[in-house]
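Coordinate inspection notes
So the chains spell out like this:
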Amino acid sequence: MQVRISTSWKPVLQEEFGKDYFENLARFVKSEYRACRCYPPGNEIFAAFDHCSFEDVKVVILGQDPYHGKDQANGLCFSVHEGISHPPSLINIFKELELDVQKPYPVSGDLTHWADQGVLLLNATLTVREGQAASHQNKGWENFTDRVIEELSKEKKGLVFLLWGGYAKRKGRVIDTSRHLVLTSGHPSPLSANRGYWFGNRHFSQTNDYLLSKGKKPIDW
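Remember, it's a predicted structure, so these values are computed and weren't measured experimentally. Sequence positions are assigned chain by chain, starting from 1 and proceeding in written order. Only residues with pLDDT of at least 70 get local features here, since the model is predicted, and only at 80 or more are side-chain atom pairs given and counted; chain-wide, interface and lining totals rely on the full set of residues. As a rule here, side-chain values come from all non-hydrogen atoms in the structure, and water together with hydrogens is ignored.

1. Describing the packing of helix H2 (residues 20-35) against helix H6 (residues 141-155)
For the pair H2 and H6, interaxial distance at closest approach is 9 Å and the crossing angle is 125°. Taken together, the axes of H2 and H6 are oblique relative to one another. Contact residues: H2 offers Tyr21, Phe22, Leu25 and Val29, while H6 offers Trp141, Asn143 and Phe144. Along the lines of polarity and charge, the residues of the contact of H2 with H6 split into 6 nonpolar, 1 polar and no charged. Comment: axis = line fitted to C-alpha atoms, over the contacting stretch for helices; angle = value between 0 and 180 degrees taken between N-to-C directions. A run of H or I in DSSP becomes a helix once it reaches four residues, and a run of E becomes a strand once it reaches two; helices and strands are each numbered from the N terminus. Under this scheme an angle from 65 to 115 degrees is roughly perpendicular, one under 35 degrees roughly parallel, and one over 145 degrees roughly antiparallel; angles in between are oblique. By definition, residues are in contact when any of their heavy atoms lie within 4.5 Å. Ten residue types, Ala, Val, Leu, Ile, Met, Phe, Trp, Tyr, Cys and Pro, are classed as nonpolar, four, Asp, Glu, Lys and Arg, as charged, and the remainder, Gly among them, as polar.

Written out as C-alpha cells, the structure is:
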C-alpha cells in the first residue's frame, strides 16, 4: 500500500507496508480517525520520519504513546505543539537538560528542532484516541516500530539510543550494542523521576560526547 512517509525511509520500510499486519493496522487507523477524535493529526502521524531522514539519524529517543490530550501530540515523542502547556514528563526532560548542559528551560515544548538535527523521536505506537491512553496499542504499530529499530541497528553504525523506562528498555533489546551506544535510565514521568531514577542521568551530554568521538556534529539541545 502507499504510505505518506519521507522518501528516504521508503526503501527501508517498503516491505512492511505490504504485510498483512500493516494492511490491518491501516484499516483500523482510518476507521478510528473517521469515528472519533484521534492524535496526532493525520498529516503528522509520520512526522518523526518526515523531520529526520534515514540518512541523517544520529540519535533515537523511544517513547510509548502519543499524548492523548487536546492538540498536544505532534508526531514526535515527548513533544507538544507550539503554545501547548508542557506535560509532566517533558517538564522533567527540560529540567534534566538544565542540569546536564546548562540549557535554559525552553519556552516551547516543540522538539522539532531536535528532529531536524537527526534525533528520531519515535513513539512505539504512532496514534491514539483522544482521552484514552494506550487505545491504539497492540494493533500493529509495535511491529512496525520494532522493524524501524532493527533496521537502524543493522544498517547504521555509531547511533545513540536513549531508552527511558522499562517499556523502552524492553523494546530496545534488538539493538546491537557493539555497533551503537545505548543509554538507559528511569522514565522522566514524575512517578519515576521523584524516586531518583531520572535526574542526573546526563544523557544529553553523554550523547554529544559520543557523537563527537565519532566525528559527528553534536546536538544543539
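2. Brief notes about the pairing of strand E3 (residues 119-123)
The element E3 is largely enclosed, with a buried count of 5 among its 5 residues. One ladder, built from 5 bridges, connects strand E2 (residues 59-63) with E3; its direction is parallel. Within E3, the position partnered with Val59 by the bridge is Val119. Each residue's exposure class comes from its accessible area (1.4 Å probe, protein chains only) as a fraction of the maximum for that residue type: buried when under 20%, exposed when over 50%, partly exposed otherwise. In this analysis, strands are considered paired if DSSP registers two or more bridges between them.

3. Comments concerning the sheet that holds strand E5 (residues 160-164)
Pairing in this open sheet of 4 strands is parallel, and the strands run E3-E2-E5-E6 from one edge to the other. One side of each edge strand has no neighbouring strand; the edge strands of this open sheet are E3 and strand E6 (181-185). If you compare each strand with its neighbour and ignore which way they point, the axes differ by 20° on average. By the bridge criterion, 5 bridges tie E5 to E6 in an arrangement that is parallel. The residue of E6 that forms the bridge with Leu162 is Leu183. Set on the sheet, H6 makes contact with E2, E3 and E5; between it and E3 the angle comes to about 150°.

4. What about the packing of helix H1 (residues 10-17) against H6?
The geometry of H1 relative to H6 is characterised by a closest axis approach of 11 Å and an angle of 145° between their N-to-C directions. The two elements H1 and H6 meet at a crossing, and its hand is right-handed. Residues Val12, Leu13, Glu16 and Phe17 of H1 touch H6, and the partners they reach there are Asn143, Phe144, Arg147, Val148 and Glu151. Considering only residue class, the contact of H1 with H6 consists of 5 nonpolar, 1 polar and 3 charged. Should the near helix be turned anticlockwise from the far one by less than a right angle, the crossing is termed left-handed; should it be turned clockwise, right-handed.

5. Quick word on the pairing of E2
With 5 of 5 residues buried, E2 lies mostly within the body of the structure. As judged from the 4 bridges shared by E2 and E5, these two strands associate in the parallel manner. Counted as the bridge partner of Val59 is Val160 from E5.

6. Brief notes about the environment of Val182
Tracing the chain through its elements places Val182 in strand E6. Residue Val182 is classed as partly exposed on the basis of its relative accessible area of 24%. Separated by 13 residues in the primary sequence, Val182 and Lys169 have C-alpha atoms spaced 9.5 Å apart. Setting aside residues up to four positions removed in sequence, Val182 forms contacts with Phe161, Leu163, Ile175 and Thr177.

7. A word on helix H9 (residues 203-213)
Taken residue by residue, H9 has His203, Phe204, Ser205, Thr207, Asn208, Tyr210 and Leu211 as its buried positions. Buried residues along H9 sit against E2, helix H4 (88-101), helix H5 (112-115), E5 and E6. Gly215 lies just past H9 and shows a positive phi near 75°.

8. Concerning the packing of aromatic side chains
Between 30 and 60 degrees the pair is tilted, below 30 it is stacked and above 60 it is edge-to-face, where a pair is any two Phe, Tyr or Trp rings, Trp via its six-membered ring, whose centres lie within 6.5 Å. According to the stated counting rule, one finds 19 aromatic pairs in the structure shown. Between the aromatic rings of Trp114 and Trp221, the centroid separation amounts to 4.9 Å while the plane-to-plane angle is 85°, which identifies the pairing as edge-to-face. One end of the pair, Trp114, is in helix H5; the other, Trp221, is in the segment after H9, with 107 residues separating them in the sequence. For the pair formed by Trp114 and Trp221, the shared burial category is buried. Of the aromatic side chains, those joined through ring pairs into one cluster are Trp9, Phe17, Tyr21, Phe22, Phe46, Phe49, Phe54, Trp141 and Phe144. Think of it as a cone above the ring: NZ of Lys or CZ of Arg counts as a charge over the ring if it is within 6 Å of the ring centre and within 35 degrees of the ring normal. For the cation-ring pair, Lys156 lies above Phe54, with the distance from its terminal atom to the ring centre recorded as 5.1 Å.

Such coordinate-based values are descriptive only and should not be taken to indicate function.
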